[in-house]
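# Architecture at a glance
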Amino acid sequence: MHKPTHIQGVALEVLAKEFGTPLYLYDGEKIVQQIQALQTAFAAVPLRIKYATKALSSLSVLSLIRNAGAELDAVSLEEVKLGLLAGSTAAEIIYTPSGVSFAEIQEAVQIGVMVNVDSLPLLEKFGQTYGSTVPVCIRINPHILAGGNLKISTGHKDSKFGISIEQLPQILELVQQYQISVVGLHLHTGSDIYDAAVFLKGGNVLFEAAMQFPDLRFLDFGGGFKVAYSSEDKATDIPELGRIVSAAFQEFCKTYGRQLELWIEPGKFLVSEAGYLLVQATVVKETPTLNFVGVDSGLNHLIRPMMYDAYHDIYNLSNREGATENYTVVGYICETDTLASQRQLHTVKEGDVLVIQNAGAYGFTMSSNYNARLRPAEVLLWKGKAHLIRKREEFEDLIRNQELIQW
Ligand SMILES: *Cc1c(COP(=O)(O)O)cnc(C)c1O
């Protein structure tokens, strides 16, 4: 993979010095390019990109994404509110919660976002409460196993998400009974799906179900487009995906009798490759079996390697030449905390800055204060300028909501 020393003409070494490590760094131009790649690939259909906010929800990133023409998919009311604060309108946001209280649903309706209904009991309550007055989307579980990892697969038959396609008769019964205004059907089969045929398989499930709903305005194919995490790794062929899915969609619209909108919900695809986590080597420690590099970060900042066995490329920014050695890069958390196992890196010494790639998606948003560690700062590069969009946490942040009772 490309291991940049500079992004938008700015030296990463300089940023590491100026803002300190650990540091989350985002290439705003890369994010915009990814949006444009989707807009180009799906130019033949009326497309709406609903960025999956949970991948990276920092306000300035949400604002940038909106400026580039994308809207939002939110999975919590807090994400909805972040989106609104960053400049999105309620009408641009689809709210796709999983098993939340009806009070949350009512607040979402009050705010004016489109609710994506995830269960039959919720559909029934929605019908009882709103009848035909509030348009709604229904999340279908198509019973498709997709993606590389069951933990990130959401559309298989045993997944908690959506209403099973086998329960379509019950859905139709409730829709009929309460005159519910169903304007969209949705599916999201999981993450890391590179094969366009899988999206089409999901699409075909939606197309067939859609014939039962005469008032549709859109079909939402969800996200899950795969990006490459290493040179050998596969990525979704976006132009091919656009071609295949658009053609099938236009064909369906003819059968349906009306032109609908095609919605997609990329998370990882927009922000993964744009993100870099800069960390500093604090110790180089040889054991009889392994050569460890300890860094000033860990699973509290990037949990994907430990949680999903995710592979993230890593390189030594401070030493770009000469001999390489085999290192296992570990975090400072008092758990097994491996960021990168047995990688060839140019010789690492204490103080070197290492760069972890593909850190934009599910990096900062999944970070925690475990071990009472502080979260890193975030910097967004835009037009050759580095903007601090979130300052590093301080000790004060750890105790802010606590009440100390000294017994
Ligand atoms: C997480 C999520 C996405 C985005 O998934 P990616 O793999 O990041 O593209 C899209 N839609 C819904 C409903 C999600 O929960």
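Not measured: the values here are computed from a predicted model.

Cis rather than trans, the peptide bond between Thr-21 and Pro-22 has omega equal to -10°. Positive phi, normally seen in glycine, also occurs at Asp-309, with a value near 55°. Locating Asp-309 in the fold gives a position in the loop between α11 (304-308) and β15 (314-316). Of note in the backbone geometry, Ala-372 takes a positive phi value of approximately 55° without being a glycine.

Contact geometry for helix α5 (residues 102-111) and helix α6 (residues 120-130): axes closest at 11 Å, N-to-C directions at 50°. Classified by the angle their axes make, α5 and α6 are oblique. Relative to α6, α5 is oriented so that their crossing is right-handed. Of α6, the residues touching α5 (which contributes Phe-102, Ile-105, Gln-106 and Val-109) are Leu-122, Lys-125, Phe-126, Thr-129 and Tyr-130. Along the lines of polarity and charge, the residues of the contact of α5 with α6 split into six nonpolar, two polar and one charged.

In this section: the domain arrangement of the protein. According to the domain assignment, the protein contains domain 1 (6-22 + 275-359 + 376-395) and domain 2 (28-271). Here domain 1 and domain 2 have C-alpha centroids that lie 33 Å from each other. Contacts between domain 1 and domain 2 engage 17 residues on the former and 18 residues on the latter. Carbon and sulfur atoms supply 53% of the area buried between domain 1 and domain 2, which totals about 1300 Å² over both sides. For domain 1, the biggest contributors to the area lost against domain 2 are Tyr-308, Asn-358 and Trp-382; these three give 35% of the whole. Here domain 1 is connected to domain 2 by zero salt bridges.

Under the definition given, this model contains one cavity of 30 Å³ or more. Along its surface, the largest cavity is lined by Phe-42, Phe-199, Phe-221, Phe-225, Leu-241, Val-245 and Ile-264. Broken down by class, the residue content of the lining of the largest cavity amounts to seven nonpolar, no polar and no charged.

Time to look at the site of the ligand. As a structural note, the neighbourhood of the ligand is formed by 15 residues, with Lys-54, Ser-191, Glu-265, Lys-268 and Tyr-362 the closest of them. Within the backbone of Gly-267, one N or O atom sits 3.0 Å away from an oxygen atom of the ligand. For the ligand, an oxygen atom lies 2.6 Å from a polar atom in the side chain of Tyr-362. Protein chains shield 94% of the accessible area of the ligand, which is 390 Å² for the free molecule. Residues belonging to the shell around the ligand are distributed by class as follows: three nonpolar, seven polar and five charged.

Cut-offs and rules
- Residues numbered from 1 in each chain as written.
- Predicted model: local features only at pLDDT ≥ 70, side-chain atom pairs only at ≥ 80, totals over all residues.
- Heavy atoms only, no water.
- Helix = DSSP H or I, 4+ residues; strand = E, 2+ residues; numbered from the N terminus.
- Axes fitted to C-alpha atoms, helices over the stretch in contact; angles between N-to-C directions.
- Parallel < 35°, antiparallel > 145°, perpendicular 65-115°, else oblique.
- Left-handed = near helix turned anticlockwise from the far one by under 90°.
- Contact = heavy atoms within 4.5 Å.
- Nonpolar A, V, L, I, M, F, W, Y, C, P; charged D, E, K, R; others polar.
- Domains from an automatic or database assignment.
- Buried area = accessible area lost by both parts, 1.4 Å probe.
- Salt bridge = Lys/Arg side-chain N within 4 Å of Asp/Glu carboxyl O.
- 1 Å grid on protein atoms, 1.4 Å probe; cavity = no way out; pocket = protein on both sides within 12 Å on 5 of 7 lines; lining within 4 Å.
- Points joined across faces, edges and corners; volume = space filled by probe spheres on them.
- Near = heavy atom within 4 Å.
- Polar contact = N/O pair within 3.5 Å; in protein donor to acceptor, adjacent residues only side chain to side chain.
- Areas by Shrake-Rupley, 256 points an atom, 1.4 Å probe, with all protein chains shown as cover.

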